[in-house]
Structures are given as C-alpha cells and as structure tokens.
Amino acid sequence: TSTNKGNGEKQATNNTQRDTAASIVRNLQPTVECYNAIIEVWGHDKELISVVRSRRWLSKLEDEEKNAAKNTSLLRSPLGPNADSYDLYLLSCSRGLGKQ
C-alpha cells in the first residue's frame, strides 16, 4: 500500500508539471524572428515548392499584422513583417528561379 501511495504522489507531481508546462506553451507568442527563420529555411530548400511555402509563411505574417490592427492589445506588440521578412522571401524567389 505504501507503494501505491508513492505512485499516487508521483502521478500528482507529473500532472502538476505537465499542467505547468502546458500553460507556459499556451502563453508563448511567435515573434517576427520565428517567422523569418521559417521563411529562410524554406528559401534554402532544394525543392521547387519551397518558394510557395516561403510565400505562405510571409502571408501568415502579413495576416497577423492585419489581425493585430483589428485587435489592439497592450499585452503584446503587434506582429508583422519587417524588411528582413521581405528580403528573405525575395532570396527564396531568386533561389527558386535556379531550381527549374
């Protein structure tokens, strides 16, 4: 019975740790640098579809900017593309031309 009690305490501790980790993850917000990193990785990919995927991520970033304009919040800064976002996308396009 003491083993069962010990297992119950371990289970409760694991549940608490899992709940804490889940709440941290739920509160994470992507930054423009996260989006730029994805755009850059797709720009260096060797497949033709990578240009389309780079554009898709740039579009998501642009959509975030539009949504942020509608929902002004003091809790987080607005998310939108910066000069690097467009530079990385154009790099992806130029590399895509060489993949044909």
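Residues numbered from 1 in each chain as written. Predicted model: local features only at pLDDT ≥ 70, side-chain atom pairs only at ≥ 80, totals over all residues. Heavy atoms only, no water.

A. How the structure looks around the overall build of the protein chain. Across its full length, the protein chain carries four helices and zero strands. Each helix and strand of the protein chain, ordered N terminal to C terminal, gives the series α-α-α-α. Across the 100 residues of the protein chain, 20% fall into the buried class. Accessible surface, the protein chain as shown: approximately 7,500 Å² in total, 55% of it carbon and sulfur. (Helix = DSSP H or I, 4+ residues; strand = E, 2+ residues; numbered from the N terminus. Buried < 20%, exposed > 50% of the residue type's maximum accessible area, 1.4 Å probe, protein only. Areas by Shrake-Rupley, 256 points an atom, 1.4 Å probe, with all protein chains shown as cover.)

B. Fine view of the side chain of Ser 50. By the element assignment, Ser 50 lies in helix H3 (residues 50-70). Within the local environment of Ser 50, its side chain forms a polar contact with the backbone oxygen of Trp 42, the two atoms lying 3.4 Å apart. (Polar contact = N/O pair within 3.5 Å; in protein donor to acceptor, adjacent residues only side chain to side chain.)

C. Representation of the side chain of Glu 62. Among the structural elements, Glu 62 can be located in helix H3. Discounting residues that sit within four places of it in the chain, Glu 62 has contacts with Arg 55, Pro 81 and Tyr 86. (Contact = heavy atoms within 4.5 Å.)

D. The arrangement of the packing of aromatic side chains in detail. For the structure shown, the criterion picks out one aromatic pair. Between Arg 55 and the ring centre of Tyr 89, over which it is positioned, the NZ or CZ distance is 5.6 Å. (Phe/Tyr/Trp six-rings, centres within 6.5 Å; stacked < 30°, edge-to-face > 60°. Lys NZ or Arg CZ within 6 Å of the ring centre and 35° of its normal.)

E. Main features of the packing of helix H2 (residues 32-43) against H3. Relative orientation of the contacting elements H2 and H3 amounts to 165 degrees, with a least axis distance of 8 Å. Comparing the axis directions of H2 and H3 gives the class roughly antiparallel. Here the hand of the crossing between H2 and H3 comes out left-handed. Note on element contacts: H3 touches H2 through Ser 50, Arg 53, Ser 54, Trp 57, Leu 58, Lys 60, Leu 61 and Glu 64, opposite Val 32, Tyr 35, Asn 36, Ile 38, Ile 39, Trp 42 and Gly 43. (Axes fitted to C-alpha atoms, helices over the stretch in contact; angles between N-to-C directions. Parallel < 35°, antiparallel > 145°, perpendicular 65-115°, else oblique. Left-handed = near helix turned anticlockwise from the far one by under 90°.)

F. Spatial organisation of H3. Taking 1.5 Å of rise per residue, 21 residues should cover 30 Å, and H3 covers 31 Å from first to last C-alpha, within 8% of that figure. Residues Ser 50, Val 51, Ser 54, Leu 58, Leu 61, Glu 62 and Ala 68 constitute the buried set of H3. Summarising the axial view, the buried residues of H3 lie within an arc of 120 degrees, below the 170-degree limit, and thus occupy one face. H3 presents Lys 66 and Lys 70 as exposed residues on the side facing more than 90 degrees away from its buried surface. (Expected span 1.5 Å × (residues − 1). Arc of directions from axis to C-beta.)

G. Just the pattern of salt bridges, in detail. For the structure shown, the criterion picks out one salt bridge. The shortest N-O distance in the salt bridge between Arg 55 and Glu 62 comes to 3.1 Å. With a relative accessible area of 31%, Arg 55 lands in the partly exposed category. (Salt bridge = Lys/Arg side-chain N within 4 Å of Asp/Glu carboxyl O.)

H. Representation of H2. Look at H2: 16 Å from first C-alpha to last across twelve residues, which is about the 16 Å you get at 1.5 Å a residue. All of the buried residues along H2 are Val 32, Tyr 35, Asn 36, Ile 39 and Gly 43. For H2, the buried positions fall inside an angular range of 100 degrees around the axis, keeping them on one side. Residues of H2 that are exposed and point over 90 degrees away from its buried face: Glu 33 and Val 41.

Function cannot be inferred from these measures alone, as they are strictly geometric.
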